[in-house]
Amino acid sequence: MKIWIDAGHGGTDSGAYAGGVAEKEVTLSICLYLEARLEQAGMTVEMTRRTDVYESVMARAAMANDWNGDLFVSVHANAAQSTAATGTEVLSYDLDGASGRLAADIVQAIASQLGLKNRGVKVRRDLAVINATNMPAVLVETAFLTNASDRALLTGQPKAFADAIAAGIFQYLGWEEPEMEKRYQTLAQIPTWAQLTIEKLLARDVFADDNQLDLSLDMVRMFVLLDRYGVLQVPPLSATAQAKAAMEEAQAAYEKAKAAWELLQEAK
Ligand SMILES: [Zn+2]
C-alpha cells in the first residue's frame with residue numbers, strides 16, 4: 001500500500017495564521033507523525049515535503065501521480081471569520097466513491113479520537129490535489145486554527161491527529177494491526193492469560209504509570225514465563241505502598257474497636 005502524504009502549504013505560503021501559529025507548521029508536524037505511524041504499520045509512504053518548502057498544488061498532484069500512489073491524503077487546518085467555528089471536516093471529490101469513503105472514515109476517526117465536532121465530508125471539485133490526482137484523494141481540514149481550543153489541540157496534540165488520520169485510513173483499508181505490534185497500556189487491555197502476572201507487578205508498583213504500561217506482546221509473554229517458573233522477583237512494596245497498607249490496617253482496627261465499644265455501650 002503506497003500512501004502519499006501532503007502537508008498543506010509551506011515555505012512562502014503559510015496558509016492560515018492565527019494566535020501566533022501558521023498552518024504550514026501544524027500540518028507538517030501532524031504529517032511527520034502520520035508518516036511514522038503508517039510506516040510502523042508496514043505501509044510505504046512518500047511525502048510532498050518534510051521541511052518548510054513551497055510546492056504548488058499542481059506539482060503535489062503530479063508527484064503523487066508519478067509515484068503511482070494508492071491513496072493521497074492532504075493535511076490542512078481550517079480557518080473562519082468567526083472564532084466560534086470549530087470541528088473537523090474532510091474534503092472529497094465525491095461522497096459515495098473511494099475518496100468519499102476514505103474521507104468519511106478519517107473524519108469519523110478524528111471526531112471521536114480528538115473529541116471534536118464532526119462537520120462531515122464536504123464535496124469539493126475545484127481543488128487540484130483532489131481533482132488532479134489519479135488515486136482516491138482527500139483533503140483533511142483537521143480543526144480550526146482560528147478557534148482557541150481547536151488551535152490548542154492542533155499545537156499540543158499533533159500526534160493524536162496523526163494517529164486518528166491513520167486509524168481512518170486503516171478503517172478504510174479494512175486493515176487490522178497485527179497482535180504482535182500492539183502495545184498494551186492498561187491492565188484491562190492485557191490478554192486474560194497474562195492478567196494475574198501483570199496484576200502482581202502492578203500491586204508492587206513496578207510501573208511508573210499504571211495507565212501507560214506500554215507493554216508489547218513479547219514483553220507480556222516474557223513476564224508470564226518468568227512468573228510461571230518462579231523467576232519473577234518483584235521488588236518489595238514501595239515506602240508509599242507500605243504506608244498506605246499500614247494506614248488501611250490501622251483504619252480497619254479502629255473500626256473494629258469502635259464497633260466493639262458501641263456493642264458494649266448498648267449492652268450496659
Ligand atoms: Zn490549508
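Residues numbered from 1 in each chain as written. Predicted model: local features only at pLDDT ≥ 70, side-chain atom pairs only at ≥ 80, totals over all residues.

**Here's the deal with the sheet that holds strand S7 (residues 118-123)**
Sheet strands pair via backbone hydrogen bonds, and the direction of the pair is either parallel or antiparallel.
Phase 1: What the six strands build is an open sheet, ordered S4-S1-S5-S8-S6-S7; its pairing is mixed. Every other strand in the sheet has two partners, leaving strand S4 (44-47) and S7 as the edge strands with one partner each. Across this sheet, the average inter-strand angle for adjacent strands is 20°, counted without regard to direction.
Phase 2: Direction of pairing for strand S1 (residues 2-7) relative to S4: parallel, over a ladder of four bridges. What sits directly across from Ile 5, in S4, is Met 47.
Phase 3: Of the strands in this sheet, strand S5 (71-78), strand S6 (88-92), S7 and strand S8 (137-144) are in contact with helix H3 (residues 98-114), which crosses S6 at around 170°.
Phase 4: Of the strands in this sheet, S5 and S8 touch helix H5 (residues 148-156), which is tilted by about 115° from S8. (Pairing = 2+ DSSP bridges. Helix = DSSP H or I, 4+ residues; strand = E, 2+ residues; numbered from the N terminus. Axes fitted to C-alpha atoms, helices over the stretch in contact; angles between N-to-C directions. Contact = placed C-beta atoms within 7 Å.)

**Remarks on the nonpolar core**
Phase 1: Of all hydrophobic cores here, the largest spans 50 residues; its most connected members are Val 73, Val 90, Ile 106, Ile 110, Val 138 and Ile 165.
Phase 2: Element by element, the count of residues in this core is highest for H3, at nine residues.
Phase 3: Sequence-distant contacts of Ile 106, that is, excluding residues within four places in its chain, are made with Val 90, Val 138, Val 140, Ile 165, Gly 168 and Ile 169.
Phase 4: Counting five residues, the second-largest nonpolar core is a separate cluster that includes Ile 198, Leu 213, Leu 215 and Val 220. (Core = buried A, V, L, I, M, F, W, Y, C linked by C-beta atoms within 7 Å. Buried ≥ 20, exposed ≤ 12 C-beta atoms within 10 Å, placed from the backbone.)

**Topic: the domain arrangement of the protein**
Phase 1: Along its sequence, the protein is carved into domain 1 (2-173) and domain 2 (179-267).
Phase 2: A separation of 43 Å is found between the C-alpha centroids of domain 1 and domain 2. (Domains from an automatic or database assignment.)

**Quick look at the environment of Ile 3**
Phase 1: The topology assignment puts Ile 3 in strand S1.
Phase 2: Setting aside its immediate chain neighbours within four residues, Ile 3 contacts Leu 38, Met 43, Val 45, Gly 69, Asp 70, Leu 71, Val 73 and Ile 169.

**Structural notes on the pairing of S7**
Phase 1: Two elements, S6 and S7, share four bridges in a ladder whose sense is parallel. Bridge pairing in S7 links Leu 91 to Lys 122.
Phase 2: Handedness of the crossover joining S6 and S7 through H3 is recorded here as right-handed. (Right-handed = clockwise from strand over helix to strand, strands pointing away.)

**Here's the deal with the packing of helix H1 (residues 23-40) against helix H6 (residues 158-173)**
Phase 1: At their nearest, the axes of H1 and H6 sit 8 Å apart, and the two run at 50° to each other. With respect to H6, the element H1 is oriented oblique. For the pair H1 and H6, the crossing hand works out as right-handed. Where H1 approaches H6, its residues Val 26, Ser 29, Ile 30, Tyr 33, Leu 34, Arg 37 and Leu 38 are matched on the opposing element by Pro 158, Lys 159, Phe 161, Ala 162, Asp 163, Ile 165 and Ala 166.
Phase 2: A class-by-class count of the residues in the contact of H1 with H6 yields ten nonpolar, one polar and three charged. (Parallel < 35°, antiparallel > 145°, perpendicular 65-115°, else oblique. Left-handed = near helix turned anticlockwise from the far one by under 90°. Nonpolar A, V, L, I, M, F, W, Y, C, P; charged D, E, K, R; others polar.)

**Regarding unusual backbone geometry**
Phase 1: Not every positive phi belongs to a glycine, and His 9 is a case in point at roughly 65°.
Phase 2: Looking at where His 9 falls in the secondary structure, it is placed in the loop between S1 and strand S2 (17-18).
Phase 3: Look at His 9 and you get buried, because 23 C-beta atoms sit within 10 Å.
Phase 4: Even without being glycine, Asn 68 reaches a positive phi, approximately 60°.
Phase 5: For Asn 68, the position within the fold is in the loop between helix H2 (57-67) and S5.
Phase 6: For Asn 68, a count of 10 C-beta atoms within 10 Å gives the class exposed.

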